[in-house]
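Structural characterization, general
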Amino acid sequence: MQYINKNTGECAANLNYGTHPGTWEVYPHNNNRYRVLKKGDTIEAIDLNVGSGMIEVGKPLPGYNKIVESIEHVVTSDTEFFEVTCYLK
């Protein structure tokens, strides 16, 4: 699934099913500006500048009937993404 930037109409991020059960991987596009909102070292939300709102812990994942439980920033040698863990509503 793609999240679309509300201002430009271009793809803001790709959302793929994760490799772990109940997870999704969010890959922000390099040309999309986004913000990561933290409380201490814990990620509370990702603002991708999309019309459906932010991806926030404790709220529904935009486009799905799942509640976001946690957001982790994953960096490997060749890619960078956010792993979003969810549970059913």
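Within each chain, residues carry numbers counting from 1 in the order of the written sequence. Per-residue local features of the predicted model are confined to residues with pLDDT of at least 70, and side-chain atom pairs are confined, for both listing and counting, to 80 or more; whole-chain, interface and lining totals are unaffected and use all residues. Side-chain measures here rest on the full set of heavy atoms in the structure, leaving out hydrogens and waters.

Counting 17 residues, the largest nonpolar core has Val26, Leu48, Ile55, Leu61, Ile71 and Val84 as the members making the most contacts within it. Broken down by secondary-structure element, the contributors of at least two residues to this core are strand E2 (11-17), strand E3 (23-28), strand E5 (42-47), strand E7 (66-75) and strand E8 (80-88). Sequence-distant contacts of Leu61, that is, excluding residues within four places in its chain, are made with Tyr3, Leu15, Trp24, Ile55, Lys66, Val68, Val84 and Cys86. Side-chain atoms within 4.5 Å are what join buried Ala, Val, Leu, Ile, Met, Phe, Trp, Tyr and Cys residues into a set we call a nonpolar core. In this scheme, a residue with accessible area under 20% of its type's maximum is buried, one over 50% is exposed, and one in between is partly exposed, where area comes from a 1.4 Å probe on protein chains only. A run of H or I in DSSP becomes a helix once it reaches four residues, and a run of E becomes a strand once it reaches two; helices and strands are each numbered from the N terminus. We call two residues contacting when some pair of their heavy atoms lies within 4.5 Å.

Right, let's talk about the environment of Ala12 for a bit. Structurally, the position occupied by Ala12 is in strand E2. What makes Ala12 buried here is its relative accessible area of 0%. Ala12 sits 75 residues away from Tyr87 along the chain, and the two C-alpha atoms are 24 Å apart. Residue contacts for Ala12: discarding those within four places in its chain leaves Tyr3, Ile4, Asn5, Pro28, His29, Asn32, Leu48 and Val50.

It is worth spelling out the pairing of strand E4 (residues 35-39) at this point. The sheet contact formed by E4 and E5 spans five bridges and is antiparallel. Bridge pairing in E5 places Arg35 opposite Asp47. Two strands pair if DSSP finds at least two bridges between them. The hairpin formed by E4 and E5 contains two residues between the paired strands, and Gly40 there has a positive phi angle of roughly 70°.

With that settled, consider the pairing of E3. For E3, a buried count of five out of six residues is recorded, marking the element as mostly surrounded by other parts of the structure. As judged from the five bridges shared by E2 and E3, these two strands associate in the antiparallel manner. Among the inter-strand pairings, Leu15 is bridged to a residue of E3, identified as Val26. Between the end of E2 and the start of E3, which pair antiparallel, lie five residues, with Gly22 showing a positive phi angle near 75°. The sheet contact formed by E3 and E8 spans four bridges and is antiparallel. Each bridged residue has a counterpart across the sheet, and for Glu25 the counterpart in E8 is Glu83.

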